[in-house]
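Analysis of the macromolecular model
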Amino acid sequence: MAQFDLQSYETVEERHARAIAAHPDLRCEIRNHTTPSDRQSGVWVVEARVYLNAEDQAADLPKAVDWAFEVDGQGMANKTSALENAATIVTGK
């Protein structure tokens, strides 16, 4: 397995800026699919749909769809922000 190289890491903010520069009307829609049962287990489940423009979004023609989940309290960010972390991870890929 390849080792993580912090020097080549691109932050979510940097990835978003690069995407917007390439597609100025880019849209990302986050859908929370977390069920009451998920919440009892401390889990958040989100879906991200990425659209290149408003017309594609209106027609529900995403360029990409991805899913993520996070568990409350696992890892540093998830101690207070598991839902936000899941949404950021799914849009930052």
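Thresholds applied
Residues numbered from 1 in each chain as written. Predicted model: local features only at pLDDT ≥ 70, side-chain atom pairs only at ≥ 80, totals over all residues. Heavy atoms only, no water. Pairing = 2+ DSSP bridges. Helix = DSSP H or I, 4+ residues; strand = E, 2+ residues; numbered from the N terminus. Axes fitted to C-alpha atoms, helices over the stretch in contact; angles between N-to-C directions. pLDDT = per-residue confidence, 0-100. Patch = residues over 30% accessible without salt bridge, like charges linked within 9 Å, V, L, I, M, F, W, Y side chains within 5 Å. Areas by Shrake-Rupley, 256 points an atom, 1.4 Å probe, with all protein chains shown as cover. Salt bridge = Lys/Arg side-chain N within 4 Å of Asp/Glu carboxyl O. Buried < 20%, exposed > 50% of the residue type's maximum accessible area, 1.4 Å probe, protein only. Contact = heavy atoms within 4.5 Å. Polar contact = N/O pair within 3.5 Å; in protein donor to acceptor, adjacent residues only side chain to side chain.

Here the focus is the sheet that holds strand β3 (residues 64–71). Pairing within the open sheet is antiparallel, and its three strands lie in the order β1-β2-β3. The sheet terminates laterally at β1 (27–32) and β3, the two strands that pair on one side only. The mean inter-strand angle of the sheet, taken between neighbouring strand axes irrespective of direction, is 25 degrees.

Turning our eyes to something else, we now look at the confidence of the model for the protein. The predicted structure's coordinates, where accompanied by low pLDDT, should not be read in detail. Residues with a pLDDT of 70 or more make up 94% of the protein, whose mean pLDDT is 86. Helix α4 (residues 82–92) is the least confidently modelled element of the protein, averaging 68 in pLDDT, while helix α3 (residues 54–58) averages 97, the highest of any element.

Turning our attention to a nonpolar patch on the surface. On the surface, F4, L6 and Y9 cluster together to form a nonpolar patch covering roughly 370 Å² of accessible area. Assignment of secondary structure puts Y9 in the segment before α1 (12–22). Overall, the relative accessible area of 41% leaves Y9 in the partly exposed class.

On to the pattern of salt bridges, then. Taken as a whole, this structure holds seven salt bridges when the rule is applied. The residue R27 makes a salt bridge to D25 at a minimum N-O spacing of 3.0 Å. One salt bridge in this structure joins D72 and R39, with 2.8 Å as the shortest N-O distance. Of this pair, D72 sits in the loop between β3 and α4 while R39 sits in helix α2 (residues 36–40), and the two are 33 residues apart along the sequence. Relative accessible area serves as the criterion here: at 32%, D72 is assigned to the partly exposed category. According to the relative accessible area criterion, R39 is partly exposed, its value standing at 31%. Overlapping salt bridges, with partners in common, bring together E29, R31, E47, R49 and D60 in one network.

Here D60, not a glycine, exhibits a phi torsion of approximately 50 degrees, which is positive. When its relative accessible area of 37% is taken as the criterion, D60 is described as partly exposed.

Attention now moves to the environment of D25. Examined against the element boundaries, D25 turns out to sit in the loop between α1 and β1. When the C-alpha atoms of D25 and L52 are compared, they prove to be 6.3 Å apart, with 27 residues separating the residues in sequence. Those residues within four positions of D25 in sequence are excluded, and the remaining contacts are Y51, L52, N53 and A54. Of note is the side chain of D25, whose polar atom sits 3.0 Å from the side chain of R27.

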